[in-house]
Amino acid sequence: MKLYKHQEKILELLTECDRFMVLAEQGTGKTFPMLLHITNLLISGEAKKWLVIAPLSALGAWERDLSRLSPLRQKVAKDAITFINYDKVSRKGSKWQQTLSDTPWDGITLDEGHAISNPTSNRTRFLIGTPKFMGIAERATYRYIMTGTLITNGRLEDVWSPMRFLLGDEWHDKAYFWSHFLKTVQLPSSFVRIVTGYKNTDELLESVSRYSIRVEKKDCLDLPAKMEDEVVTIPLEAKKEYEEMLKEGTVDAFDIIADNPLVHSLRLRQISSGYVGNSDTGEVHELKSKKITYLKELVESTLPHKVVIFYEFTHSCEQITAMLDKMKVKYVVLNGAQKDKQIWRKFQEDDSIQVFVGQYQSACEGIDLFSSTHTIYFEPTRSSRILEQSRDRTHRTGVQSACNYTFLLTQGTIEEEIYGKLAEYKDFTDDCYKEMMERRNGKVFDSE
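Residues numbered from 1 in each chain as written. Predicted model: local features only at pLDDT ≥ 70, side-chain atom pairs only at ≥ 80, totals over all residues. Heavy atoms only, no water.

Draft legend 1. A look at the sheet that holds strand 8 (residues 212–215). Judged by pairing direction, the sheet is parallel, and its 6 strands sit side by side in the order 3-2-4-5-1-8 without closing on themselves. The sheet is open, and its two borders are formed by strand 3 (81–85) and strand 8, each paired with just one other strand. Taking the axes of each pair of neighbouring strands and ignoring which way they run, one obtains an average angle of 15° across the sheet. In the sheet, strand 2 (residues 50–54) pairs with strand 4 (residues 107–111) via 4 bridges, with the strands oriented parallel. (Pairing = 2+ DSSP bridges. Helix = DSSP H or I, 4+ residues; strand = E, 2+ residues; numbered from the N terminus. Axes fitted to C-alpha atoms, helices over the stretch in contact; angles between N-to-C directions.)

So this is what it looks like as structure tokens:
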């Protein structure tokens, strides 16, 4: 692969520095130069064991970029790199923590490294240590962080833990950091201190800059206007219900029957998104799914930049908005139930509104969303025309940088079949459904 100029610069700086932060916006392609650098060290023998910790939603990007490496690089990566998610690092006293503690890691990379910004969390303590025990990072020669939100989120108190991960005791201890860089007040009748402001910020930012590179999409002039789709694959957890619906057209536990292709296709798509509806009773039954978890991680990694989310089904909207409410993120919704069809203007004009949630049929045309360059598809549409129109909501006159498009696809389901057609600029038609069913199941649910 040909590296973009900013990727070449990232690779150059990683080669020069054993401990470094890549503060790059989502969509700038920071994973690939990191992989090249890691495999360089593995091939040369300078490192033998490497740990990569990332959110669940980011592990797919590592798999994608690994597949683009040469056979030699893929082999050394398979033999020497361990990929895990932050949840496994967070389980205090777990077998995973014991295994990680017992392994002599030469290098550790934290993807979305702002995940350790809380110095009292289990994952942070496990990595950087405490006065009573050594963190696993202390033994690693090479330590790297990748994130787009550290510094830009305006919370300078979040800098301490990542910098401590990089530099260990060479970085300020926590008490000095808080007294020298943060303005705080103590809550009445409590030992808790809250941050009210900052001081000596130039000194702090200059210190951070010595160990980091800042990459913004608007400065990456050689990026294409529309970035290649990023596909995030989500494990299917409702396997029993999906297989039952696929093969028999039923979900017995909920007395759901799909006896024609239209309903059958619809139910397969719903199960892929984590629920299934009963047309007879109007009930919606929640199923096991991590799709919302993955979406939450993607939104968190995009903030404070604005993000657009497209969805198909009403219940998906309810899931998404419930998640955003819990995150305390301001958003607007445009769908058939929204009476204010100009509500998208609030998203454009109000900097405090960070997320636009749009149903395909209502939001794929006639509106401008160029205040965001990040679009997430919670589930794919069947229409290639609608998809391209939805892409053009952000890729408009006025957009400041390249546009990113991320698809959440549940593994082994109809969603992957639908996206396969969309990637060829084709619709997922009734004939496509029938072909899929004959290939996967040997039969089609005929209309009565």
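After that view, the rundown keeps rolling.
Draft legend 2. Broad picture of the packing of aromatic side chains. The final tally for this structure, using the stated rule, is 11 aromatic pairs. For the ring pair W62 and F83, a centre distance of 5.7 Å and an interplane angle of 55° mean the geometry is tilted. With W62 in helix 3 (residues 56–66) and F83 in strand 3, the pair connects residues that are 21 residues apart, well separated along the chain. What makes W62 buried here is its relative accessible area of 1%. Its relative accessible area of 28% is what places F83 among the partly exposed residues. (Phe/Tyr/Trp six-rings, centres within 6.5 Å; stacked < 30°, edge-to-face > 60°. Buried < 20%, exposed > 50% of the residue type's maximum accessible area, 1.4 Å probe, protein only.)

Draft legend 3. Representation of the sheet that holds strand 15 (residues 331–334) within the structure. In spatial order, the strands read 9-18-17-14-16-15; together these 6 strands make up an open sheet with parallel pairing. Each end of this open sheet is capped by a strand with a single partner; those strands are strand 9 (230–234) and strand 15. Across the sheet, the mean angle from the axis of one strand to that of its neighbour is 20°, orientation sign disregarded. Where strand 14 (residues 307–311) lies against strand 17 (residues 374–377), 3 bridges are found, and the strand directions are parallel. When the sheet's bridge partners are listed, I309 is paired in strand 17 with I376. Strands strand 9, strand 14, strand 16 (355–359), strand 17 and strand 18 (404–410) of the sheet are contacted by helix 13 (residues 291–302), whose axis makes an angle of about 165° with strand 18. (Contact = heavy atoms within 4.5 Å.)

Draft legend 4. Region of the structure containing the side chain of S207. Within the element layout of this structure, S207 appears in helix 10 (residues 201–209). Residues within four places of S207 in sequence aside, it is in contact with M163 and W171.

Draft legend 5. Representation of a nonpolar patch on the surface in the model. On the surface, V185, L187, V192 and I194 cluster together to form a nonpolar patch covering roughly 290 Å² of accessible area. Since its relative accessible area comes to 37%, I194 is described here as partly exposed. (Patch = residues over 30% accessible without salt bridge, like charges linked within 9 Å, V, L, I, M, F, W, Y side chains within 5 Å. Areas by Shrake-Rupley, 256 points an atom, 1.4 Å probe, with all protein chains shown as cover. Salt bridge = Lys/Arg side-chain N within 4 Å of Asp/Glu carboxyl O.)

Draft legend 6. Examining the environment of N122 more closely. Inspection of the secondary structure assignment puts N122 in helix 7 (residues 122–128). Residue classification places N122 among the partly exposed positions, given a relative accessible area of 36%. For the pair formed by N122 and D87, sequence separation is 35 residues and the distance between their alpha carbons is 10.0 Å. Discounting residues that sit within four places of it in the chain, N122 has contacts with S90 and K92.

Draft legend 7. Representation of empty space enclosed by the protein in the model. Within the structure shown, the criterion is met by 1 cavity of 30 Å³ or more. In this structure, the largest cavity spans a volume of roughly 40 Å³. Contributing to the lining of the largest cavity are I234, P235, L236, E237, I271, S272, G274, K288, S289 and T410. Residues that form the lining of the largest cavity fall into these classes: 4 nonpolar, 4 polar and 2 charged. (1 Å grid on protein atoms, 1.4 Å probe; cavity = no way out; pocket = protein on both sides within 12 Å on 5 of 7 lines; lining within 4 Å. Points joined across faces, edges and corners; volume = space filled by probe spheres on them. Nonpolar A, V, L, I, M, F, W, Y, C, P; charged D, E, K, R; others polar.)

Draft legend 8. Representation of the pairing of strand 4 in the model. Counting buried positions over the 5 residues of strand 4 gives 5, a clear majority of the element. Going residue by residue along strand 4, you find G107, T109 and D111 tucked away on one face and I108 and L110 tucked away on the opposite face as well. A crossover connection joins strand 4 to the parallel strand 5 (residues 142–147) through helix 7; in handedness this β-α-β unit is right-handed. (Right-handed = clockwise from strand over helix to strand, strands pointing away.)

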